[in-house]
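Residues per chain are reported as follows:
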Amino acid sequence: KRVREEQMKEITTDSKLVAYCGLYCGACRAYRKGRCPGCHENAKATWCKVRSCCMENVYLSCADCKQFSDPNQCTEFDNFLAKVFALIFNSNRRACILKIRELGVESYAAHMVELGRQSLPRK
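The sections below set out a description of the structure shown in this document.

What counts, and where the lines are drawn
Residues numbered from 1 in each chain as written. Predicted model: local features only at pLDDT ≥ 70, side-chain atom pairs only at ≥ 80, totals over all residues. Heavy atoms only, no water. Phe/Tyr/Trp six-rings, centres within 6.5 Å; stacked < 30°, edge-to-face > 60°. Lys NZ or Arg CZ within 6 Å of the ring centre and 35° of its normal. Buried < 20%, exposed > 50% of the residue type's maximum accessible area, 1.4 Å probe, protein only. Helix = DSSP H or I, 4+ residues; strand = E, 2+ residues; numbered from the N terminus. Contact = heavy atoms within 4.5 Å. Salt bridge = Lys/Arg side-chain N within 4 Å of Asp/Glu carboxyl O. Patch = residues over 30% accessible without salt bridge, like charges linked within 9 Å, V, L, I, M, F, W, Y side chains within 5 Å. Areas by Shrake-Rupley, 256 points an atom, 1.4 Å probe, with all protein chains shown as cover.

## Here we look at the packing of aromatic side chains
Argument step 1. For the structure on display, the rule yields 1 aromatic pair.
Argument step 2. Across from the ring centre of Phe77, 4.3 Å away, lies the NZ or CZ of Arg93, which sits over that ring.

This is the structure we're talking about:
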């Protein structure tokens, strides 16, 4: 019995693939395998408080929020589920948001493509 190899999309620079929480969907396995449309297009992600908040406030990501200089001060951003995901996937969404603020969304997307990662790693 042959195991079928799934085709994966190449990781390309696209600012529309920067998730509301700062992850880069363009490097995500589920996105690259065609199983997820990315955060901004994922209508099933109604459970995500970060996504809901950003949509309500018309933010491209939490980097646009002026209420919190540190995204971890926000309880929508720094919640239990986020901490679990951070451990499982070795992701640092806070660092991603700060990097978006530093570089801008276009350069951040290019940076993540260069790294080939969907998140900056936890320290």
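## What about helix H4 (residues 93-103)?
Argument step 1. Of all the residues in H4, the buried ones are Arg93, Ala95, Cys96, Ile97 and Ile100.
Argument step 2. For H4, the elements touching its buried residues are helix H2 (49-57), helix H3 (80-89) and helix H5 (105-115).
Argument step 3. With its phi angle positive at about 90°, Gly104 sits one or two positions after the end of H4.

## Quick look at the side chain of Asn92
Argument step 1. Among the structural elements, Asn92 can be located in the loop between H3 and H4.
Argument step 2. Once you skip the residues sitting within four places of it in the chain, Asn92 turns out to touch Ser119, Leu120, Pro121 and Arg122.

## Here we look at the pattern of salt bridges
Argument step 1. Counted by the stated rule, this structure contains 3 salt bridges.
Argument step 2. Linking Asp70 and Arg94 is a salt bridge whose minimum nitrogen-to-oxygen distance equals 2.9 Å. Remark: Arg94 occurs in helix H4 and Asp70 occurs in the loop between H2 and H3; sequence separation between them is 24 residues.
Argument step 3. Taking relative accessible area as the criterion, Asp70 reaches 22% and is therefore assigned partly exposed.
Argument step 4. With a shortest N-O distance of 3.6 Å, Glu102 and Lys99 are connected by a salt bridge. Of this pair, Glu102 and Lys99 both sit in helix H4, separated by 3 residues, roughly a single helical turn.
Argument step 5. Judged by its relative accessible area of 58%, Glu102 falls in the exposed class.

## Thoughts on a nonpolar patch on the surface
Argument step 1. A cluster of nonpolar side chains, Trp47, Leu81, Phe85, Leu87, Ile88 and Phe89, forms an exposed patch at the surface whose accessible area comes to about 680 Å².
Argument step 2. Within the element layout of this structure, Phe89 appears in helix H3.
Argument step 3. Given a relative accessible area of 51%, Phe89 falls into the exposed group.

Nothing here speaks to function; it is geometry throughout.
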